[in-house]
Amino acid sequence: YGSTRPERILAEVKRKATRGDARSVVDTIDQYCRHQEWAMNVGDEKGTILDSIVCEVKPMAMLELGTYCGYSAVRIASLLPPNSRLITMEFNPVFAAIARQVIAWAGVEDKVVLIEGPSGDWIPKMKKEFGLTSFDLVFLDHWKDCYLPDTKLMEECGLLRTGSILVADNVICPGAPDYLEYVRGSPRYESKYFRSHLEYTRVEDGIEKSVFLG
Ligand SMILES: Oc1cc(-c2ccc(F)cc2)cc2nccnc12
Ligand SMILES: [Mg+2]
């Protein structure tokens, strides 16, 4: 029986990364995915852009859509202020099961809440389920055709406040054209593009940072 790519990434983390050391987990995954087998982590180059935004915003409440193996959840959690929480949402149960173990190995499980299921089902329930008023920062890194509907749903559910920031991965590759058109064209957003590359490649990709103006 063959293992899955997420299982091979977890095995590499357990073999090479220091338990409780988030940076060593991040670096181990980057090394493996650059030199052994590509995987859809935000990666080191775009990850540095994400880090700078997390450090600037210092979010008390943050949402990640699309956990995959937990690479960006670990990367983000290692930068969060005390008492702040990252809620990360994953649709695929196989990915979620691996991510839980990667997050635990990195020792950031008390900063991260991983929820499983479709974003469209969860978003309307989040205020009540987590006693939230709104998110300070949202990282969109799930299926590209969900970026726009989920953004509109977060607006409708009152999960965004004046100043909430959306950070979207892959706006060029694979691309989220309808989302880009919306945040760049809407008077309710102030949007900025950070040019970069698709993780572990020289292909152009980028991150779009959009401030919700209310
Ligand atoms: O960062 C990413 C890259 C890709 C991806 C896949 C295949 C390619 F050829 C190019 C890019 C897919 C993604 N899906 C969800 C979240 N993030 C993704
Ligand atoms: Mg991505």
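Here the structure is a predicted model, which means the values were calculated and not measured.

**Q** Could you give an account of the overall build of the chain, naming the residues involved and the relevant values?
**A** When helices and strands are tallied, the chain shows 10 helices and seven strands. Taking 17 Å as the expected radius of gyration for a compact globule of 214 residues, we find that the chain reaches 16 Å, a close match to that expectation. Dimensions along the principal axes, computed over C-alpha positions, put the chain at roughly 50 × 40 × 35 Å. A total of 214 residues make up the chain; the buried ones form 55% of that total. Sequence-distant contacts, at least 24 apart, represent 72% of the contacts inside the chain between residues at least 6 apart.

**Q** Describe the packing of helix H1 (residues 5-16) against helix H2 (residues 22-35), and please don't skip the residues or the numbers.
**A** The interhelical angle for the contact between H1 and H2, taken along N-to-C directions, is 125°, at an axis separation of 9 Å. Taken together, H1 and H2 sit at an angle that is classed as oblique. Remark: the crossing between H1 and H2 carries right-handed chirality. On H2, the residues that touch Arg8, Ile9, Glu12, Val13 and Lys16 of H1 are Val25, Thr28, Ile29, Tyr32 and Cys33. Of the residues in the contact of H1 with H2, the class split is six nonpolar, one polar and three charged.

**Q** Give me the lowdown on the pairing of strand E3 (residues 112-116), citing residues and values where you can.
**A** Summarising the sheet, strand E2 (residues 85-90) and E3 pair through five bridges and their orientation is parallel. Bridge pairing links glutamate 90 to glutamate 116 in E3. Following the backbone out of E2, through helix H5 (residues 93-106) and into the adjacent parallel E3, one traces a crossover that is right-handed.

**Q** Describe the coordination of the magnesium ion (ligand 2), naming the residues involved and giving the relevant values.
**A** The protein atoms donating to the magnesium ion (ligand 2) are Asp141 (OD), Asp169 (OD) and Asn170 (OD1), with metal-donor distances spanning 2.0 to 2.2 Å. Residue class for aspartate 141 comes out buried when judged on its relative accessible area of 12%.

**Q** Any details on the packing of aromatic side chains? Residues and values, ideally.
**A** Within the structure shown, the criterion is met by five aromatic pairs. In this structure an aromatic cluster arises from ring pairing among Tyr182, Tyr189 and Phe212. One residue, lysine 125, lies across the ring of tryptophan 122, its end atom 4.5 Å from the ring centre.

**Q** Describe the side chain of glutamate 155, listing the residues and the values that go with them.
**A** Tracing the sequence through the fold places glutamate 155 in helix H8 (residues 147-156). Taking the relative accessible area as the measure of exposure, glutamate 155 reaches 16% and is therefore buried. At 3.5 Å, the side chain of glutamate 155 and the side chain of arginine 188 are in polar contact. Once you skip the residues sitting within four places of it in the chain, glutamate 155 turns out to touch Leu160, Tyr182, Arg188, Tyr189 and Phe212.

What counts and how
Residues numbered from 1 in each chain as written. Chains lettered and ligands numbered in written order. Predicted model: local features only at pLDDT ≥ 70, side-chain atom pairs only at ≥ 80, totals over all residues. Heavy atoms only, no water. Helix = DSSP H or I, 4+ residues; strand = E, 2+ residues; numbered from the N terminus. Rg over C-alpha atoms; globule rule 2.2 N^0.38 Å. Buried < 20%, exposed > 50% of the residue type's maximum accessible area, 1.4 Å probe, protein only. Contact = heavy atoms within 4.5 Å. Axes fitted to C-alpha atoms, helices over the stretch in contact; angles between N-to-C directions. Parallel < 35°, antiparallel > 145°, perpendicular 65-115°, else oblique. Left-handed = near helix turned anticlockwise from the far one by under 90°. Nonpolar A, V, L, I, M, F, W, Y, C, P; charged D, E, K, R; others polar. Pairing = 2+ DSSP bridges. Right-handed = clockwise from strand over helix to strand, strands pointing away. Donors = N, O, S within 2.8 Å, 3.2 Å for Na, K, Ca; no water. Phe/Tyr/Trp six-rings, centres within 6.5 Å; stacked < 30°, edge-to-face > 60°. Lys NZ or Arg CZ within 6 Å of the ring centre and 35° of its normal. Polar contact = N/O pair within 3.5 Å; in protein donor to acceptor, adjacent residues only side chain to side chain.

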